[in-house]
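# Tertiary structure, described
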Amino acid sequence: MILEKILKSIECTAVSGSTDVEIGSLTFDSRTCTAGSLFIAVCGTEADGHRFIGKAVEAGASAVIYQEGCFTAPDNAATYVGVKDSRLALALAADNFYDHPSGKLNLVGITGTNGKTTTVTLLYNLFTNMGWSCGLISTIANYVDGVKIPTEHTTPDPVSLNRLLARMVSKGCSYCFMEVSSHSIDQERIAGLEFKVAIFSN
């Protein structure tokens, strides 16, 4: 996908280089960068992604998104895009890169203190038994039309999340029932997603 399309709806504060470059993958981990990657530098709880921009470019990243005030773009072959909030940019870029998969599903989000896992699992089983092809995103496991996929977080990172939703779309799922943690909301992991229903559990 062309970088310009990935940047749609993202508020850019600076652009150095061409946005007419082909992007083959999206990542916020410099260790997974390959030729043609778009690297989004995010300030994490344990490490600042801006420290690894050089390694990402060395690994072949064609473009970099960084948060203004955290990095000064050098004059070299890669394209550098400054934004106000790189966490938000990561989520919106992932949504664009995977062609807004949440908008092609009946996405139901369950949030709250207790009961999220039970609620999404009950809904997933109910709709599956009614004959619908469904997806599930939960603390215990993710499912795509009956196929179990391991999970590490209640709500996956934006890249993994949109990739999973896109997989559901490709498999013909009509519904997705998703746990949404308060932590993921604070970290902008669900930014850009189109929820048909939001349910709050106690």
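In case you missed it, the structure is sitting above this.
All residue numbers refer to position in the chain's written sequence, counted from 1. Local features are withheld for residues below a pLDDT of 70 in this predicted model, meaning they are given only at 70 or higher, and side-chain atom pairs are given and counted only at 80 or more; totals for whole chains, interfaces and linings count all residues. The side-chain quantities take in all heavy atoms of the structure and omit both hydrogens and water.

## A short note on the overall build of the protein
Filter applied, for reference: Put simply, DSSP H or I for four residues or longer makes a helix, DSSP E for two residues or longer makes a strand, and each gets a number counted from the N terminus. For this measure, only C-alpha atoms enter the radius of gyration; the expected value for a globule follows 2.2 Å times N^0.38, where N is the number of residues. Burial here depends on accessible area, computed with a 1.4 Å probe over protein chains only, as a share of the maximum for the residue type. Under 20% is buried, over 50% is exposed, and the range in between is partly exposed. By definition, residues are in contact when any of their heavy atoms lie within 4.5 Å. In these tables, accessible area is a Shrake-Rupley quantity obtained with a 1.4 Å probe, and a residue counts as shielded only by the protein chains included in the view.
When helices and strands are counted, the protein shows six helices and eleven strands. Taken over the C-alpha trace, the protein has a radius of gyration of 18 Å; the compact-globule value for 202 residues is 17 Å, and the two agree within 12%. A principal-axis box enclosing the C-alpha atoms of the protein has dimensions of 55 × 30 × 25 Å. Taking all 202 residues of the protein together, the buried fraction comes to 45%. Within the protein, contacts between residues separated by at least 24 positions form 63% of all contacts whose residues are at least 6 apart in sequence. For the protein, the exposed area adds up to about 9,900 Å²; of that, 51% sits on carbon and sulfur atoms.

## A word on the pattern of salt bridges
Which entries qualify depends on this criterion: Salt bridges are identified by distance alone: a Lys or Arg side-chain nitrogen within 4 Å of an Asp or Glu carboxyl oxygen.
For the structure shown, the criterion picks out four salt bridges. Arginine 31 serves as the salt-bridge partner of aspartate 29, at 3.0 Å between the closest nitrogen and oxygen. A salt bridge links lysine 104 to aspartate 99, with the nearest nitrogen and oxygen atoms 2.7 Å apart. What makes aspartate 99 partly exposed here is its relative accessible area of 48%.

## Quick word on the nonpolar core
Stated formally: Nine residue types can take part in a nonpolar core, namely buried Ala, Val, Leu, Ile, Met, Phe, Trp, Tyr and Cys, and a core is a set of them joined through side-chain atoms within 4.5 Å.
Leu3, Ile10, Ile23, Leu26, Leu38, Ile40 and Ile65 are the most contacted members of the largest nonpolar core, which has 20 residues in total. Counting residues per element, the ones that place at least two in this core are α1 (3-6), β3 (37-40), β4 (63-67), β5 (79-83) and α3 (86-97). If we skip the residues at most four places from it in the chain, isoleucine 23 touches Met1, Leu3, Ile6, Gly36, Ser37, Leu38, Ser62, Ala63 and Phe97. With 15 residues, the next largest nonpolar core counts Leu105, Leu161, Cys176 and Val180 among its residues.

## Observations concerning the side chain of serine 184
With respect to the secondary-structure elements, serine 184 resides in helix α6 (residues 182-186). Beyond its immediate sequence surroundings of up to four residues, serine 184 is in contact with Thr155, Arg189 and Ile190.

## Things to note about the side chain of aspartate 95
Relative to the helices and strands, aspartate 95 is located in helix α3. Look past the residues within four positions of aspartate 95 in its chain and what remains in contact with it is His100, Pro101, Ser102, Asn162 and Gly192.

## Quick notes on the sheet that holds strand β1 (residues 12-16)
We count it as follows: A strand pair is defined by DSSP finding two or more bridges across the two strands. Working convention: axes come from line fits to C-alpha atoms, limited for helices to the stretch in contact. Angles between N-to-C directions cover 0 to 180 degrees.
One open sheet accounts for five strands, arranged β1-β5-β4-β3-β2; its pairing is mixed. The sheet is open, and its two borders are formed by β1 and β2 (25-27), each paired with just one other strand. Across the sheet, the mean angle separating the axes of adjacent strands is 15° when strand polarity is ignored. Sheet topology note: the β4/β5 ladder contains five bridges and is parallel. Bridged to valine 64 within β5 is tyrosine 80.

## Quick look at the packing of aromatic side chains
In plain terms, the rule: Pairing of aromatic rings covers Phe, Tyr and Trp, the last through its six-membered ring, and needs centres within 6.5 Å; plane angles under 30 degrees mean stacked, over 60 mean edge-to-face, and all others mean tilted.
Within this structure, the stated rule accounts for eight aromatic pairs. Ring centres of tyrosine 175 and phenylalanine 177 lie 6.0 Å apart, and the angle between their planes is 0°; this geometry places the pair in the stacked category. As far as the burial class goes, tyrosine 175 and phenylalanine 177 line up, both buried. Members of the aromatic cluster, connected to one another through ring pairs, are Phe127, Trp132, Tyr175 and Phe177.

## Overview of α3
So the rule is basically this: One less than the number of residues in a helix, times 1.5 Å, gives the span that helix is expected to have. Two N or O atoms count as a polar contact when they lie within 3.5 Å, although within protein this holds only if one can serve as hydrogen donor and the other as acceptor, and sequence-adjacent residues are included solely when both atoms are side-chain atoms.
For α3, with twelve residues, the first-to-last C-alpha span of 16 Å sits near the 16 Å given by 1.5 Å per residue. Burial of α3 is extensive: ten of the twelve residues sit out of reach of the surface. Within the sequence span of α3, burial applies to Ser86, Ala89, Leu90, Ala91, Leu92, Ala93, Ala94, Asp95, Asn96 and Phe97. Where α3 is buried, its residues touch α1, β2, β3, β4, β5 and α5 (158-170). One side-chain oxygen at the N-terminal end of α3 lies 3.0 Å from the backbone nitrogen of arginine 87; it belongs to aspartate 85. Positive backbone phi, approximately 65°, marks aspartate 99, located one or two places after α3.

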